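# Residue-level structure breakdown
Here is how the chains run, residue by residue.
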Amino acid sequence: MALRVLAHFVPGPQVLDFVAPEGGWLDIRWCAGDDDNAFYHELPDAEVIWHVLRPLSGDDLRGAPKLRLVHKLGAGVNTIDVQAATELGIAVANMPGANAPSVAEGAVLLMLAALRRLPVLDRLTREGRGWPSDPQLGETVRDIGGCTVGLVGYGNIAKHVGQIVAAMGATVLHTSTRDDGLPGWRTLAELLAASDIVSLHLPLTASTHHLLGRDQLAAMKPGAVLVNTSRGELIDEAALVDALRSNGLAAAGLDVFAVEPVPPDNPLLRLDNVVLTPHVSWYTADTMRRYLIEAVANCCRLRDGQQLAHVVNQPTGY
């Protein structure tokens, strides 16, 4: 009998082509992240969920009596009730490093766009107001190669970012939970004070929630740029808005937000010195292929009774 998978996203042609050869043993039911009717229709028969972003609550998991594996397409599992999964005997797995190249490039993209005031210049050029050039460009716009880039967190993605910006000439600092003995390690306070660009690369946990609040933002280097491609709630958004409005920070590049999708009344949407993308820094054809390779491989292990890869919990009775 085919293994029933509930894939909680809409596939493109390349995704369908990739999984087509597995059709003899994988029965994949595709469901858009915002289609709750389809989700709850398919949930009772799902043995595996390929999870992207729409939160999976304990009640959701209890409504899936056949469920054996929730496989996160990505690294962060904060959108899954892992405790409930553990109690229900459901394995939760992730894909550490699979999206690292894409998110790293997305972070550097936001750095460049924020440093170079790309949204404002694009708008002015389209409106025919780009010439003559604003003389402040030559006083405020920076090269990454002339900056100190501080990486908060030093996992796979941060290391990719560090390699890219170092190749561009930047000085790279990083911080982590303790001194790792590597060159460039600083405490968080030291990193914030020294960095022209601060880029966040941490999971969302109780200890990292609002890691950057008013005091931390005020301690950043005047005119610095803040980039976040991790989780929105690492930053106190109200404090960030104030720092951007007061020019304490020059700019921010944000792919993630405290509430997603971003509510239309979020004041970040009305600031010219913020570059915004809708949590898609990971979303490339290359990352999707890496995700699918790992997702299919773990389903194969489940089918064959083998040990699953990258399980983050210890499910009861598993």
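First, a word on scope: everything that follows refers to the structure included in this document. It should be emphasised that the depicted structure is a prediction, and the values quoted were computed from it without experimental measurement.

A few words now on the overall build of the protein. Secondary structure assignment for the protein yields 12 helices and 11 strands. The C-alpha atoms of the protein give a radius of gyration of 21 Å, which matches the 20 Å a tight globule of 318 residues would have. Its C-alpha atoms give the protein principal-axis dimensions of roughly 70 × 50 × 35 Å. The buried share among the 318 residues of the protein stands at 46%. Long-range contacts, defined as pairs at least 24 residues apart, comprise 60% of the intrachain contacts of the protein with a sequence gap of at least 6. In the protein, 25 side chains carry a positive charge and 35 a negative one; their mean positions are 3 Å apart.

Here we come to the packing of helix α5 (residues 100-115) against helix α8 (residues 156-167). As a packed pair, α5 and α8 sit with axes 8 Å apart at the nearest point and diverge in direction by 50°. It follows from the interaxial angle that α5 and α8 lie oblique. Of the two elements, α5 crosses α8, and the hand of that crossing is right-handed. The segment α5 lies against α8, with Ala-100, Pro-101, Val-103, Ala-104, Glu-105, Ala-107, Val-108 and Met-111 engaging Asn-156, Ile-157, His-160, Val-161, Ile-164 and Val-165. Taken together, the residues of the contact of α5 with α8 sort by class into 11 nonpolar, two polar and one charged.

Time to look at the environment of Ile-28. By the secondary structure assignment, Ile-28 is in strand β2 (residues 26-30). Sequence spacing of Ile-28 and Leu-3 is 25 residues, and the spatial spacing of their C-alpha atoms is 8.1 Å. When sequence neighbours within four positions are dropped, the list of residues in contact with Ile-28 reads Val-5, Ala-7, Val-19 and Trp-50.

Moving on to the environment of Gly-145. Mapped onto the elements, Gly-145 comes out in the loop between α7 (137-140) and β6 (148-152). Overall, the relative accessible area of 32% leaves Gly-145 in the partly exposed class. Gly-145 sits 25 residues away from Ala-170 along the chain, and the two C-alpha atoms are 4.3 Å apart. The residues touching Gly-145, leaving out its near neighbours within four places in the chain, are Met-168, Gly-169 and Ala-170.

A few words now on the nonpolar core. In this structure, Phe-9, Leu-26, Val-48, Trp-50 and Cys-299 are the most contacted members of the largest nonpolar core, which totals 28 residues. Within the residue set of this core, elements represented by two or more residues are β1 (3-7), α1 (13-19), β2, β3 (48-51), β5 (91-93) and α12 (285-304). Residues Leu-192, Ile-235, Ala-239 and Phe-257 belong to the second largest nonpolar core, which totals 25 residues.

Moving on: the environment of Ala-93. Secondary-structure assignment places Ala-93 in strand β5. In sequence terms Ala-93 and Lys-72 are 21 residues apart; their C-alpha atoms lie 6.1 Å from each other. In this view, Ala-93 contacts Leu-69, Val-70, His-71, Lys-72, Asn-298, Ala-309, His-310, Val-311 and Val-312; residues no more than four positions away in its chain are not counted.

Moving on, we get to the packing of aromatic side chains. All chains considered together, the criterion is met by five aromatic pairs. Through a chain of ring-to-ring contacts, the aromatic side chains of Phe-9, Trp-30 and Trp-50 assemble into a single cluster. Sitting over the ring of Phe-39, Arg-54 keeps its end group 4.4 Å from the ring centre.

What counts and what doesn't
Residues numbered from 1 in each chain as written. Predicted model: local features only at pLDDT ≥ 70, side-chain atom pairs only at ≥ 80, totals over all residues. Heavy atoms only, no water. Helix = DSSP H or I, 4+ residues; strand = E, 2+ residues; numbered from the N terminus. Rg over C-alpha atoms; globule rule 2.2 N^0.38 Å. Buried < 20%, exposed > 50% of the residue type's maximum accessible area, 1.4 Å probe, protein only. Contact = heavy atoms within 4.5 Å. Lys, Arg positive; Asp, Glu negative; His and termini not counted. Charge placed at Lys NZ, Arg CZ, Asp CG, Glu CD. Axes fitted to C-alpha atoms, helices over the stretch in contact; angles between N-to-C directions. Parallel < 35°, antiparallel > 145°, perpendicular 65-115°, else oblique. Left-handed = near helix turned anticlockwise from the far one by under 90°. Nonpolar A, V, L, I, M, F, W, Y, C, P; charged D, E, K, R; others polar. Core = buried A, V, L, I, M, F, W, Y, C linked by side-chain atoms within 4.5 Å. Phe/Tyr/Trp six-rings, centres within 6.5 Å; stacked < 30°, edge-to-face > 60°. Lys NZ or Arg CZ within 6 Å of the ring centre and 35° of its normal.

Such coordinate-based values are descriptive only and should not be taken to indicate function.
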